[in-house]
Amino acid sequence: MEEALLNFSQLSGIYAFMHSPWGWPIAESIHFLGLSLLIGTVGLFDLRLLGLGQGVSYQYLHRLVPFGVSGYFLNVITGTMFLSSAPDQYLYNPAFQTKMLLMAIAGGNMLLFYSFANRPVQATAADADVTPAVKTVALVSLCCWCGVIIGGRLITYFRPPYHWCFWC
Amino acid sequence: MAFVVGINLAMALRLIGITPKLSLPGFRKFLPFHWWAVGLIGVSGLALLLAYPAKALTNPVFYLKLVALSIGLVLTWQLHKRFRRNEEPTQQLRWGVAMLACWVITIGAGRFLAYTNSVLLASRFF
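The following paragraphs examine the structure supplied in this document. (Residues numbered from 1 in each chain as written. Chains lettered and ligands numbered in written order. Predicted model: local features only at pLDDT ≥ 70, side-chain atom pairs only at ≥ 80, totals over all residues. Heavy atoms only, no water.)

Now for the packing of helix α3 (residues 23–49) of chain A against helix α5 (residues 92–116) of chain B. Their axes nearest at 9 Å, the elements α3(A) and α5(B) cross at an angle of 140°. The pairing of α3(A) with α5(B) is recorded here as oblique in orientation. Considering only the axes of α3(A) and α5(B), their crossing is right-handed. Judged by residue contacts, A:W24, A:P25, A:I26, A:E28, A:S29, A:F32, A:L33 and A:S36 of α3(A) engage B:V104, B:I107, B:G108, B:R111, B:F112 and B:Y115 from α5(B). Here the residues of the contact of α3(A) with α5(B) sort into nine nonpolar, three polar and two charged. (Axes fitted to C-alpha atoms, helices over the stretch in contact; angles between N-to-C directions. Helix = DSSP H or I, 4+ residues; strand = E, 2+ residues; numbered from the N terminus. Parallel < 35°, antiparallel > 145°, perpendicular 65-115°, else oblique. Left-handed = near helix turned anticlockwise from the far one by under 90°. Contact = heavy atoms within 4.5 Å. Nonpolar A, V, L, I, M, F, W, Y, C, P; charged D, E, K, R; others polar.)

Below you can see the structure in the form of structure tokens.
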């Protein structure tokens, strides 16, 4: 896995870029911007679903969510650049593993929202509350994204011994 | 930090014309949450500065971040005052672009801080 990622990074030119003087901080800046876009749109929508911002239209606030999705894809691209350039710093890092787990839960939670809650929420009046089930989905989403941020920050400070992972 | 930047980016997007039907003064209901987050980054930022004062204070990028962050927060404060009076700012595109610029610079400078310091410990000066 490690070797395959490194090969991909070297063949695609990512490795050379990331190991240039400004490669890593540029990718980090874009990564944080993507994250902020995600939190500023999806997180704000989650807060609205939880009852904050009474009177703000669910429908119109939801129109900002595609920007959060583009932020998410920016993060997938820059995240892949980090991972493939130094796979040994990530694959065996419990902070990274926890971050990935929380991202998977957030993804499943989002699918749940769009499969049963999105249409009724869009039709809900701006001054009305959503159902407790939808609020639970919003709370899970918000907690997961906060955990993703914390996990992401801890990656730098958590240097476990090599070959530490859940499946080793 | 992500909450502070995130809410500001969302307002900036609205100001530059995305989702024009979304009420701008409605954002005032999220802003108390934003100011709490600002307090939190103030405390954690101060702790980081006190931990390695020479590392930050000898780096020009730190001052760039501080200036961009301060202007960004003043813009948000001015908007908040207008929203409280249920007013929308005129020249919204300019407001939006200025806010976007401030937060992009703040983030970029913040990330570059870790890679551009020439001094780590204050003991170097003694």
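Bringing the layout of surface pockets into the picture now. All names here are of chain A. In this structure, the second largest pocket spans a volume of roughly 360 Å³. Considering the residues around the second largest pocket, the lining is formed by 21 residues, among which V42, A106, M110, Y114 and W145 are closest to the centre. At the level of secondary structure, the elements contributing two or more residues to the lining of the second largest pocket comprise α3, α5 (65–85), α7 (94–122) and α8 (132–157). Broken down by element, the lining of the second largest pocket gets its largest block of residues, seven residues, from α7. A per-class count over the lining of the second largest pocket returns 16 nonpolar, four polar and one charged. (1 Å grid on protein atoms, 1.4 Å probe; cavity = no way out; pocket = protein on both sides within 12 Å on 5 of 7 lines; lining within 4 Å. Points joined across faces, edges and corners; volume = space filled by probe spheres on them.)

Mapped onto the secondary structure, A:H62 falls in helix α4 (residues 58–62). One polar contact links A:H62 to A:Q122, side chain to side chain, over a distance of 3.0 Å. (Polar contact = N/O pair within 3.5 Å; in protein donor to acceptor, adjacent residues only side chain to side chain.)

Let us now look at the nonpolar core. Grouped together as the largest cluster of nonpolar side chains are 57 residues, with contacts concentrated most on A:L49 and B:F27. Secondary-structure elements contributing two or more residues to this core are α3, α4, α7 and α8 of chain A together with α1 (2–15), α2 (31–51), α4 (60–84) and α5 of chain B. The biggest single contributor to this core is α1(B), with eleven residues. Ignoring sequence-local partners within four residues, the contact set of B:F27 consists of A:L44, A:L64, B:A10, B:M11, B:R14, B:L22 and B:F83. Formed by 15 residues, the second largest nonpolar core is a distinct cluster that contains A:L83, A:L91, A:Y92 and A:F96. (Core = buried A, V, L, I, M, F, W, Y, C linked by side-chain atoms within 4.5 Å. Buried < 20%, exposed > 50% of the residue type's maximum accessible area, 1.4 Å probe, protein only.)

Geometry only, nothing functional implied.
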